[in-house]
Amino acid sequence: MLIPESLKHRLQTWILLATVLASGWISKPAMAADFVAIEEHLGSYLSEDLVFTREDSSLVRLMDMIEIPTIIAPVYYNCPGLCTPIMDGIVQLLNRTDLEIGKDFEVISISFHEAETPDLAVSKKRNYTALMEDSHAQDHWHFLTGDKENIGTLLETLGYSVIRNGEDILHPAAIMIIGADGKIAKYIHGTKYNPIEFKMAVQEVSSGNVVPTITRIMKMCFNYEPEGRNKQKSITILGFILMISIGTVIFILYPPLKNKN
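Residues numbered from 1 in each chain as written. Predicted model: local features only at pLDDT ≥ 70, side-chain atom pairs only at ≥ 80, totals over all residues. Heavy atoms only, no water.

Colleague: Sorry, what's going on with the overall build of the protein here?
Modeller: What the protein contains, in helices and strands, is six helices and nine strands. When burial is assessed residue by residue, the protein has 43% of its 261 residues classed as buried. Within the protein, residue pairs in contact and separated by at least 24 positions form 79% of the contacts whose partners lie at least 6 positions apart. By element, 56% of the accessible surface of the protein is carried by carbon and sulfur atoms, the whole surface being about 14400 Å². (Helix = DSSP H or I, 4+ residues; strand = E, 2+ residues; numbered from the N terminus. Buried < 20%, exposed > 50% of the residue type's maximum accessible area, 1.4 Å probe, protein only. Contact = heavy atoms within 4.5 Å. Areas by Shrake-Rupley, 256 points an atom, 1.4 Å probe, with all protein chains shown as cover.)

This is how it looks when you write it as structure tokens:
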């Protein structure tokens, strides 16, 4: 099927215009602080001066806790949104991986809400380590709290943005793997973590390598408010319509070659 050049140009212009308008519509809420994101800082190093509070209320330098590849999970323990799925995802990962916690890797959850206390961290640790099949997990999954300055420095280093929303905090869903030298080596986005991907990442990190993110599945913490759900649904529908439209136009412009036999 031959398409007139004038029609081709119009269709191509439509695709470009629709893409620009869609990207502008989606990015506008970000500028209005309706959601947050992560700017990956692969290859950057954690500060040697970061100090947090252990579950027993003692202070500890974060880098003193990192001697092997270590998962860093930025969360806050009273989060009404994504933090529970993130922590549940870590439990599922640790129960499914054939790597050994304490030998091959460690896990550190760090609250980015400065008002949270070690007592709350102890309670959360008890709840989550009770779900672990490995009884030694409680010795190698740490739950830390901290002050505003150290939290801010850590989040800035990780490229992890959070936004206050009254008593709650809006934030992305992701964990990071840090090398023994404090280098940020891997970001894993979302709330479900593939044990094969995790194992490969730990092996790469153990060799001193960084692991670029191929697929970024960003999930935003809107506290499940109707307005937040509607925004996410609108963005999803818009993206679906746009993909279908572009696919249809491409099919029209470049139809499959007919069998000449």
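Now that the structure is up, let's keep going.
Colleague: Would you explain empty space enclosed by the protein in this entry?
Modeller: For the structure on display, the rule yields one cavity of 30 Å³ or more. In this structure, the largest cavity encloses a volume near 30 Å³. Lining the largest cavity, in full, are Pro74, Ile110, Ser111, Phe112, Ile151, Leu154 and Leu155. Elements supplying a minimum of two residues to the lining of the largest cavity: β4 (106-111) and α4 (148-158). No other element matches the three residues that α4 contributes to the lining of the largest cavity. (1 Å grid on protein atoms, 1.4 Å probe; cavity = no way out; pocket = protein on both sides within 12 Å on 5 of 7 lines; lining within 4 Å. Points joined across faces, edges and corners; volume = space filled by probe spheres on them.)

Colleague: It is not clear to me how the sheet that holds strand β8 (residues 174-178) should be interpreted in this structure. Could you clarify?
Modeller: Sheet strands pair by backbone hydrogen bonding; their relative direction is either parallel or antiparallel. In spatial order, the strands read β5-β4-β3-β8-β9; together these five strands make up an open sheet with mixed pairing. Strands at the two margins of the open sheet, each flanked by one partner only, are β5 (141-144) and β9 (184-189). The sheet shows a mean angle of 20° between the axes of neighbouring strands, direction not considered. Summarising the sheet, β4 and β5 pair through four bridges and their orientation is parallel. What sits directly across from Ile108, in β5, is His142. (Pairing = 2+ DSSP bridges. Axes fitted to C-alpha atoms, helices over the stretch in contact; angles between N-to-C directions.)

Colleague: I keep staring at the nonpolar core and nothing clicks. Help me out?
Modeller: Nonpolar side chains tend to gather and get buried jointly when the protein is soluble and globular. Core analysis: the biggest nonpolar cluster contains 60 residues, and Leu46, Leu62, Ile90, Trp141, Leu158 and Phe198 have the highest contact counts within it. What Leu62 contacts, discounting residues up to four positions off in sequence, is Leu46, Leu50, Phe52, Ile108, Ile110, Leu144 and Leu154. (Core = buried A, V, L, I, M, F, W, Y, C linked by side-chain atoms within 4.5 Å.)

Colleague: I would appreciate a short explanation of helix α5 (residues 195-206) in the present structure.
Modeller: Here α5 contains twelve residues, and its C-alpha end-to-end distance of 16 Å stays within 8% of the 16 Å for a straight helix at 1.5 Å per residue. Along α5, the residues classified as buried are Pro195, Phe198, Ala201, Val202 and Val205. Down the axis of α5, the sector holding all buried residues measures 120°, keeping them to one side. Facing away from the buried side of α5, by more than 90 degrees, are the exposed residues Ile196 and Met200. Lining the buried residues of α5 we find β3 (70-75), α2 (83-96), β8 and β9. You can read the cap of α5 off the contacts: a side-chain oxygen lies 2.7 Å from the backbone nitrogen of Ile196, and it is on Asn194. Positive backbone phi, at 90°, marks Gly208, one or two positions downstream of α5. (Expected span 1.5 Å × (residues − 1). Arc of directions from axis to C-beta. Polar contact = N/O pair within 3.5 Å; in protein donor to acceptor, adjacent residues only side chain to side chain.)

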